[in-house]
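One letter stands for each residue in the lines below.
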Amino acid sequence: MLAQELLKKIQDVVGPENCLRDEADRFCYAFDSSLLSQINNWVPDLVVRVKTTEQVATILKLANEYRVPVVPRGAGTGQCCGSVAWRGGITLDLSGMNQILSFDLENLQVVVQPGIVHAELNKALAPHGFFFPPDPGSTKMCTLGGMVAFNSSGQRSVKYGTTKQYILGLEVVLPTGEVITTGGAKSRALKSVAGYDLTGLFVGSEGTLGVVTRIRLKVLPIPEKRGLVVAFFDELEASGKAVVQIFRGRLLPSAIEIMDRTAMKAAGMYKPDLNLPDAEAMLLFEVDGSPVDVTYQAQKIAEICRQFTQRVEWTDDPKRLGELWAARGVVGAAAGRVKEGATRVYIGEDICVPVVMVPQALKKIQELSVKYNIPIVTYGHIGDGNLHAAPVINTYDQEEIEKVKKLGDEIHRMALAMEGTTTGEHGVGLTRAQYMEEELGLSLDVMRRIKKLLDPNNILNPGKMALEGE
Ligand SMILES: Cc1cc2nc3c(=O)[nH]c(=O)nc-3n(C[C@H](O)[C@H](O)[C@H](O)COP(=O)(O)OP(=O)(O)OC[C@H]3O[C@@H](n4cnc5c(N)ncnc54)[C@H](O)[C@@H]3O)c2cc1C
């Protein structure tokens, strides 16, 4: 429960209509996509919808004074409980700060507010011939603020990298209410080494160090053309070897995606007209660039794949391209189809292992599926070694929930044993906090000291990312 006096002060800042107090309204903010948020009932005491940096600054100042937790939130599509107010307090809804503030395309940059949805940004950039390359599957929902906080990426990160590579500067409200601009107070430069890389510190900080209220980001010209190679493999190992061979052949596709047998089955059940053949794995290689380069790369990739399988096709016809990408596009939503009355849950869903270990990891995940008698649909960005395992369970069955928690734990531990990470792009939040001591070693201690310095009263997104240990 918030003190009435504090509530009154917040209402004076944003207006009573932007302070959601009804239980039904607050309940909508109790979840992200994680299983953990689904099985708990972490409803914030108050939701505050903000529109300006000044409002954010005043609210953080007040929260700091009254020692009330504040949890920033974009669209709530995260998968690790990052935007969930598990200790109550205030959820700060930034989705209303959704404007593009300036286009400076001659300098390859734009300035946006954090609530703008990723797909909306790219829609606005497209007529100018530019795009913001990181491409999460949640593009039509997730906000740029959430992407910055999680350093999100997607299918094209093998070539274009992650969000952090495109963030030139940020306006950040610190937990004390101070407002800073990183990357140069007035800079429009595309690079700078003046001072510590504070931009880099805030990107990926999961809303624990400051609230991002403005983002200066780099954009790139849209490639002239895209092409796609699809290959079906009878052995998982062969698919991994093909990827390694393609890198050795000095080729860098803009995406390399894998779907194993389970994922192909799920996609086929969801969209039978995809007509996917029987195979252990399907690889999709996207290439982009000039028309000549696209043809050259696609033919080379197809040639290399033929060392491992004869079932290879390549195309640069936009219609066929769409058809072939469709299987990968539907798999996330299709996963739940593999078991009647069950749902796909997000736990152990984002491991990243060395590329050469991907086939072994896929095999192990299939074994775990048998061990726990839980269907798992697995797909992901094999070009980075990032695998999305989707367990499918009945979320009303407590026994299944307990089983899937153990399953998720085994997947995370497998990734660490393979010299990988528990999270390639979805973040730590609450769900992966328990692995941070093992994964980060002494650097976690440095992170905790930074957190203490910037947020001495621990009001901003407390308890996330294992930042509270000794
Ligand atoms: C179907 C689906 C597909 C997905 N595919 C991908 C994918 O391909 N790649 C990928 O990386 N992720 C993916 N995700 C995960 C998720 O969409 C991304 O992490 C996304 O960037 C989160 O954005 P959001 O606006 O929903 O953030 P939220 O979930 O609202 O918040 C995420 C984190 O950011 C913090 N935060 C939000 N806004 C701010 C701000 N302005 N200042 C400071 N902190 C802030 C929150 O406190 C929280 O810790 C997927 C999710 C779904 C549901």
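Residues numbered from 1 in each chain as written. Predicted model: local features only at pLDDT ≥ 70, side-chain atom pairs only at ≥ 80, totals over all residues. Heavy atoms only, no water.

A.B. asks: Looking at this structure, how should I read the site of the ligand?
C.D. replies: Taken together, 33 residues are adjacent to the ligand, and Pro-72, Thr-77, Ser-138, Thr-143 and Ser-153 come closest. One of the backbone N or O atoms of Ser-153 is found 2.7 Å from a nitrogen atom in the ligand. Look at the ligand: alone it shows 980 Å² of surface, and the protein chains cover 92% of it. Looking at the shell around the ligand, the elements that each hand over two or more residues are strand S3 (70–73), helix H6 (144–150) and strand S10 (211–218). Among the residues making up the shell around the ligand, the classes are represented as 11 nonpolar, 19 polar and three charged. (Near = heavy atom within 4 Å. Polar contact = N/O pair within 3.5 Å; in protein donor to acceptor, adjacent residues only side chain to side chain. Areas by Shrake-Rupley, 256 points an atom, 1.4 Å probe, with all protein chains shown as cover. Helix = DSSP H or I, 4+ residues; strand = E, 2+ residues; numbered from the N terminus. Nonpolar A, V, L, I, M, F, W, Y, C, P; charged D, E, K, R; others polar.)

A.B. asks: Would you explain the pairing of S3 in this entry?
C.D. replies: Regular strands place side chains that alternate from one sheet face to the opposite one. Residues Val-70 and Pro-72 of S3 are buried on one face, and the alternating residues Val-71 and Arg-73, pointing to the opposite face, are buried as well. Pairing of S3 with strand S4 (residues 90–93) involves four bridges; the strand directions are parallel. What sits directly across from Pro-72, in S4, is Leu-92. (Buried < 20%, exposed > 50% of the residue type's maximum accessible area, 1.4 Å probe, protein only. Pairing = 2+ DSSP bridges.)

A.B. asks: Is there a simple way to think about helix H9 (residues 236–248) in this case?
C.D. replies: Each full turn of the α-helix corresponds to 3.6 residues, which orients residues three or four apart in the same direction. Helix length check: H9, at 13 residues, gives a terminal C-alpha distance of 19 Å against a target of 18 Å (1.5 Å per residue), a fit within 8%. Within H9, burial applies to Leu-236, Ala-238, Ser-239, Gly-240, Ala-242, Val-243, Val-244 and Ile-246. Packed against the buried residues of H9 are strand S12 (225–233), strand S13 (255–260), strand S14 (281–289), helix H11 (291–305) and helix H13 (358–372). Two residues or fewer after H9 comes Arg-250, characterised by a positive phi angle close to 60°. (Expected span 1.5 Å × (residues − 1). Contact = heavy atoms within 4.5 Å.)

A.B. asks: Quick question: what am I supposed to make of the nonpolar core here?
C.D. replies: In globular proteins that are soluble, nonpolar side chains generally tend to be buried together. Grouped together as the largest cluster of nonpolar side chains are 48 residues, with contacts concentrated most on Phe-285, Ile-301, Cys-305, Ile-351, Leu-387, Val-404 and Leu-407. Every element with two or more residues in this core is listed here: S12, H9, S13, S14, H11, H13, strand S19 (386–393) and helix H14 (398–417). Phe-285 has contacts with Gly-227, Leu-228, Val-229, Val-243, Ile-246, Pro-253, Ala-255, Ile-256, Ile-301 and Cys-305, leaving out every residue within four places of it along the chain. In this structure, Phe-130, Phe-131, Phe-132 and Leu-217 belong to the second largest nonpolar core, which totals 28 residues. (Core = buried A, V, L, I, M, F, W, Y, C linked by side-chain atoms within 4.5 Å.)

A.B. asks: Honestly, the sheet that holds S10 in this entry has me stumped. Any pointers?
C.D. replies: The strands that make up a sheet are held in pairs by hydrogen bonds between backbone atoms, and each pair lies either parallel or antiparallel. If you walk across this open sheet you meet the five strands as S5-S6-S10-S8-S9, and the pairing is antiparallel. Taken across any chain shown, the strands that pair with only one partner, and hence form the sheet edges, are strand S5 (100–104) and strand S9 (179–181). When strand polarity is set aside, the average angle formed by the axes of neighbouring strands in this sheet is 10°. In this structure, S5 lies alongside strand S6 (residues 109–112), joined through four bridges in antiparallel fashion. Note that in S6 the partner of Ile-100 across the bridge is Val-112. Sitting on the sheet, helix H4 (residues 53–66) is in contact with strand S8 (167–173), S9 and S10, with an inclination near 50° to S8. Packing against the sheet, helix H5 (residues 118–125) makes contact with S5, S6 and S10, and its axis sits at approximately 40° to S5. (Axes fitted to C-alpha atoms, helices over the stretch in contact; angles between N-to-C directions.)

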